[in-house]
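One letter stands for each residue in the lines below.
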Amino acid sequence: MSAGTHLAGAQVSQERGDRLETAASVLALLADRTRLALMERLGRGEADVTTLTEACGAARPSVSQHLAKLRLAGLVTTRKDGRRVVYALRHGHLRRLVDEALNVADHQLGSLPPHD
């Protein structure tokens, strides 16, 4: 194996490792029930903290802390609408990821047969 081939293989291995690490970090953030509920609600469209608090049933300070974590991780975006801060998912991959996680839960809870 040439030095160039070895370096290229090491770079691919590092990129794969970085990709897996990033994906694991995203999944770890979604492993919290409140954050998952927030992401599920945001998958239906942007919302402010009051709407999100009602949707997930958690206390407002808790919701704000979870939203801050999601924002710092780059999973949600914010924009100002007058005095309100409106949250949205950064991209559709996150909506689909949450939807699929909930579909898996539906299958496990309902004893539904597996499918592709």
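Residues numbered from 1 in each chain as written. Predicted model: local features only at pLDDT ≥ 70, side-chain atom pairs only at ≥ 80, totals over all residues. Heavy atoms only, no water.

## Structural notes on the UniProt feature "domain: HTH arsR-type" (unreviewed entry) in the chain
Selection criterion: UniProt positions are given in the numbering used here, feature names are shortened, and annotations may be inferred rather than shown by experiment. Helix numbering and strand numbering both begin at the N terminus, where a helix is a DSSP run of H or I of at least 4 residues and a strand a DSSP run of E of at least 2.
Listed under "domain: HTH arsR-type" (unreviewed entry) in the UniProt record, and renumbered for this structure, are residues 15-109. Spanning residues 15-109, this segment combines 68% helix with 15% strand, and its end C-alpha atoms are found 36 Å apart.

## As for the pairing of strand β3 (residues 84-89)
What counts, and what does not: Strands qualify as paired when DSSP identifies two bridges or more between them.
Pairing analysis gives 2 bridges linking strand β1 (residues 47-48) to β3, with the strands arranged antiparallel. Within the sheet, the bridge partner assigned to Ala 47 lies in β3 and is Tyr 87. Sheet topology note: the strand β2 (residues 76-81)/β3 ladder contains 6 bridges and is antiparallel. Counted as the bridge partner of Arg 79 is Val 86 from β3.

## With respect to the side chain of Arg 35
Filter applied, for reference: Each residue is assigned to one of three classes by its accessible area relative to the maximum for its type, calculated with a 1.4 Å probe on protein chains only: buried under 20%, partly exposed between the two thresholds, exposed over 50%. In this tally, Lys and Arg are treated as positive and Asp and Glu as negative; His is ignored, and so are the chain termini. Should a side-chain nitrogen of Lys or Arg be within 4 Å of a carboxyl oxygen of Asp or Glu, the pair is scored as a salt bridge. For this analysis, a polar contact is any N or O atom pair within 3.5 Å, provided that within protein one partner can donate a hydrogen and the other can accept it, and provided that sequence-adjacent residues contribute only side-chain to side-chain pairs. Whether two residues are in contact is decided by their heavy atoms: any pair within 4.5 Å suffices.
Checked against the element boundaries, Arg 35 lands in helix α2 (residues 33-42). Asp 32 provides the closest opposite charge to the buried, unpaired Arg 35, separated from it by 4.4 Å. A distance of 2.8 Å separates a polar side-chain atom of Arg 35 from the backbone oxygen of Leu 29. Leave out the neighbours within four places in its chain, and Arg 35 touches Ala 28, Leu 29, His 66, Lys 69 and Leu 70.

## Comments concerning the sheet that holds β2
The strand order β1-β3-β2 describes an open sheet built from 3 strands, whose pairing is antiparallel. Looking along the sheet, the strands with just one partner apiece sit at the ends: β1 and β2.

## Description of the nonpolar core
Here is the rule: By nonpolar core is meant a set of buried Ala, Val, Leu, Ile, Met, Phe, Trp, Tyr and Cys residues that side-chain atoms within 4.5 Å join together.
Within the largest apolar cluster, 20 residues are counted, with the highest numbers of intra-cluster contacts made by Met 39, Leu 52 and Val 63. If you list the elements that add at least two residues to this core, you get α1 (3-30), α2, α3 (49-56), α4 (60-72), β3 and α5 (92-110). Aside from chain neighbours lying at most four places away, what touches Leu 52 is Leu 38, Arg 41, Leu 42, Ala 47, Val 63, Leu 67 and Tyr 87.

## Re the packing of α2 against α3
A pair of packed helices can be characterised by two numbers: the angle between their axes and the separation between those axes. Going by this rule: Each axis is a line fitted through C-alpha atoms, taken for helices only over the stretch in contact, and angles between the N-to-C directions span 0 to 180 degrees. The labels follow the angle: roughly parallel below 35 degrees, roughly antiparallel above 145, roughly perpendicular from 65 to 115, and oblique for the rest. Crossing handedness is defined as follows: a turn of the near helix away from the far one that is anticlockwise and smaller than a right angle gives a left-handed crossing, while the clockwise case is right-handed. Charged means Asp, Glu, Lys or Arg here, nonpolar means Ala, Val, Leu, Ile, Met, Phe, Trp, Tyr, Cys or Pro, and polar covers whatever is left, Gly included.
At a closest axis distance of 9 Å, the pairing of α2 and α3 adopts a crossing angle of 120 degrees. Put simply, α2 runs oblique to α3. Crossing angle aside, the handedness with which α2 passes α3 is right-handed. Contact residues: α2 offers Arg 33, Thr 34, Ala 37, Leu 38, Arg 41 and Leu 42, while α3 offers Thr 51, Leu 52, Ala 55 and Cys 56. Among the residues making up the contact of α2 with α3, the classes are represented as 6 nonpolar, 2 polar and 2 charged.

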